[in-house]
Amino acid sequence: MIAIIDYDAGNIKSVEKALQFLGQEVIVTSDRDTIIASDKAVLPGVGSFGDAMNKLQERKLESVIHDFVDSGKPFLGICLGLQLFFESSEESPGVEGLGLLKGKITRIPNEYEADGKIVTQNVPQIGWNNIKVNPSSRLLAGLGENPYVYFVHSYYLQAENPEDVAATTEYGVTIHAAVERGNVMATQFHPEKSSDVGLQILRNFIKM
């Protein structure tokens with residue numbers, strides 16, 4: 001059983017459908033006992049960091065998430081879920097995140113310098129971009145060289161510990177696009193919207 005943690009943050013249905021397509025029994029829930037009893041759990045989400053943390057707190061899910069992680073069972077964050085794994089975000093000053101990993105969440109710049117020129121780019125980043133995968137990543141195993149995945153985000157991760165970084169991408173800055181430490185892993189991009197590459201990532205998670 002895979003629990004998708006329901007905290008009214010959107011993007012849940014597409015994750016549920018992708019996992020069911022791969023033959024998994026999935027439950028969307030905010031019930032503590034159901035989450036803890038599950039074999040794996042997923043924290044998806046779209047929206048703002050502060051609103052998401054408020055919703056997790058309202059449903060008393062912070063302690064549930066920490067207890068699930070402490071159990072050693074695989075736990076996957078997607079998009080906003082990745083950002084919530086960290087301590088804070090520029091998007092919502094003063095709001096504490098889950099603190100599962102160390103790093104900072106900052107806004108993607110609208111402009112950057114390249115070859116002595118100022119380049120303007122769209123924010124949020126919406127669309128396909130290739131990632132450079134850390135060969136030691138279990139979550140991203142078997143994807144081939146520079147696979148393309150689908151992003152939708154305005155804020156990005158700079159992980160404090162280089163060994164936590166499972167993949168990077170470039171969008172005016174170097175973005176830590178995926179992280180992995182023990183049973184805790186997350187992607188800034190959407191595997192459930194990333195075609196065959198994304199399905200392979202979810203298969204890797206399922207096999208853990």
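For the structure, check the block above.
Residues numbered from 1 in each chain as written. Predicted model: local features only at pLDDT ≥ 70, side-chain atom pairs only at ≥ 80, totals over all residues. Heavy atoms only, no water.

1. Quick word on the pattern of salt bridges
Close approach of charged atoms allows side chains of opposite charge to pair. Applying the stated criterion across every chain yields a total of 7 salt bridges. Across the salt bridge formed by K102 and E87, the nearest N and O atoms sit 3.3 Å from each other. Taken together, the positions of K102 in the loop between helix 5 (80-84) and strand 5 (103-107) and E87 in the loop between helix 5 and strand 5 put the pair 15 residues apart, joining distant regions of the chain. By relative accessible area, K102 is classed as partly exposed at 41%. A salt bridge links E180 to R138; the shortest N-O distance between them is 3.2 Å. With E180 in strand 13 (residues 174-181) and R138 in the loop between strand 9 (132-133) and strand 10 (148-153), this pair connects stretches of sequence that are 42 residues apart. With relative accessibility at 12%, the residue E180 sits in the buried group. (Salt bridge = Lys/Arg side-chain N within 4 Å of Asp/Glu carboxyl O. Helix = DSSP H or I, 4+ residues; strand = E, 2+ residues; numbered from the N terminus. Buried < 20%, exposed > 50% of the residue type's maximum accessible area, 1.4 Å probe, protein only.)

2. Some words on the environment of F151
Relative to the helices and strands, F151 is located in strand 10. In sequence terms F151 and S92 are 59 residues apart; their C-alpha atoms lie 21 Å from each other. Not counting the four nearest positions on each side in its chain, F151 is found in contact with Q125, I126, G127, N129, I131, T169, A177, Q188 and F189. (Contact = heavy atoms within 4.5 Å.)

3. With respect to unusual backbone geometry
With an omega of 10°, the peptide bond running from V123 to P124 counts as cis. You can see P124 is positioned in the loop between strand 7 (117-120) and strand 8 (125-130). At D8, a residue that is not glycine, the phi angle is positive and equals roughly 60°. Examined against the element boundaries, D8 turns out to sit in the loop between strand 1 (2-5) and helix 1 (12-21). Its relative accessible area of 49% is what places D8 among the partly exposed residues. The backbone of D115 shows a phi angle near 55°, a positive value even though the residue is not glycine. Relative to the elements of secondary structure, D115 occurs in the loop between strand 6 (111-114) and strand 7.

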